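Here are the chains, one letter per residue:
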Amino acid sequence: MTWSNVPGGPPQSSPGPQDPQRAAWERGGTTLFPPAKLADRISTVLLLAFGAVMTIVTAVVSIIAVISATATCDASAGCTPGGYIGGTAIAVGGAFVIGVATIVLAIGAWIRRKSSWWIAAIGFVLAIGVIAWGGVVFANAADGETASSSVSASA
């Protein structure tokens, strides 16, 4: 049988994709981790892991700090634990929310085949900022309680 006998004529050759990644994708032979972007993926995962560890350590330290600070805190001393709990909530809750948003955005960049290390870096820096902000709120609550207790002790 020759091509001249086949109804419709010979198959038309379509120009193939010029990009080897695209050709591999069309064949179904690629993953979310193409070799050319391996360094980007590794740096993204490391930044996300460091952010997760930082959030866990912050949560543990915050729990210990709140327990320690509120052990002698009662209404007769003029102390309320709201500032301690608020600072802890800002630090841990904010870092957690930023971490989840960073993971979602980084995975979205992976799916679109874009660079994602900068997303994880911005998320890491924002998490540090939120943890510092929560620490400032906690410290202000501790300073306010110390100042009022020292005034009442000297009077």
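1. Section: the overall build of the protein
1) Next: In terms of helices and strands, the protein carries four helices and zero strands.
2) Next: Helices and strands appear in the protein in the N-to-C order α-α-α-α.
3) Next: By the burial criterion, 25% of the 155 residues in the protein qualify as buried.
4) Next: In the protein, the share of contacts with a sequence separation of at least 24, taken over all contacts with a separation of at least 6, comes to 73%.
5) Next: Per element, the accessible surface of the protein, about 10,100 Å² overall, is 73% carbon and sulfur.

2. Some thoughts on the confidence of the model for the protein
1) Next: Mean pLDDT over the protein works out to 80, with 68% of the residues at or above the 70 mark.
2) Next: Per-element confidence in the protein is highest for helix H3 (residues 82–111), whose mean pLDDT is 94, and lowest for helix H1 (residues 20–27), whose mean pLDDT is 64.
3) Next: Segment residues 147–155 is flagged for pLDDT under 50; beyond a separation of four residues in sequence, or across chains, it makes two contacts in the model.

3. So, unusual backbone geometry
Excluding glycine, a negative phi dihedral is what most residues carry, and trans is how most peptide bonds are arranged.
1) Next: Although it is not a glycine, Arg 113 sits at a positive phi angle of roughly 65°.
2) Next: Here Arg 113 is to be found in the loop between H3 and helix H4 (117–154).
3) Next: Accessibility expressed as a relative area gives 23% for Arg 113, which makes it partly exposed.

4. Examining the nonpolar core
Across soluble globular proteins, you tend to see nonpolar side chains buried next to one another.
1) Next: The biggest cluster of nonpolar side chains holds seven residues, and these are Val 66, Ala 69, Cys 73, Cys 79, Tyr 84, Phe 138 and Ala 141.
2) Next: Going through the elements one at a time, helix H2 (38–70) and H4 are the ones with two or more residues in this core.
3) Next: Setting aside residues no more than four positions away along its own chain, Ala 141 makes contact with Gly 83 and Tyr 84.
4) Next: In this structure, Ile 98, Ala 127, Val 130 and Ile 131 belong to the second largest nonpolar core, which totals six residues.

5. Describing the packing of H2 against H3
1) Next: The N-to-C vectors of H2 and H3 enclose an angle of 165°; their axes lie 9 Å apart at closest approach. By the angle between their directions, the pair H2 and H3 is classed as roughly antiparallel. The two elements H2 and H3 cross, and the hand of that crossing is left-handed. Between H2 and H3, the residues in contact are Asp 40, Arg 41, Thr 44, Val 45, Leu 48, Thr 55, Thr 58, Ala 59, Ser 62, Val 66, Ala 69 and Thr 70 and Tyr 84, Ile 85, Thr 88, Ala 91, Val 92, Ala 95, Phe 96, Thr 102, Ile 103, Ala 106 and Trp 110, respectively.

How each quantity is defined
- Residues numbered from 1 in each chain as written.
- Predicted model: local features only at pLDDT ≥ 70, side-chain atom pairs only at ≥ 80, totals over all residues.
- Heavy atoms only, no water.
- Helix = DSSP H or I, 4+ residues; strand = E, 2+ residues; numbered from the N terminus.
- Buried < 20%, exposed > 50% of the residue type's maximum accessible area, 1.4 Å probe, protein only.
- Contact = heavy atoms within 4.5 Å.
- Areas by Shrake-Rupley, 256 points an atom, 1.4 Å probe, with all protein chains shown as cover.
- pLDDT = per-residue confidence, 0-100.
- Core = buried A, V, L, I, M, F, W, Y, C linked by side-chain atoms within 4.5 Å.
- Axes fitted to C-alpha atoms, helices over the stretch in contact; angles between N-to-C directions.
- Parallel < 35°, antiparallel > 145°, perpendicular 65-115°, else oblique.
- Left-handed = near helix turned anticlockwise from the far one by under 90°.

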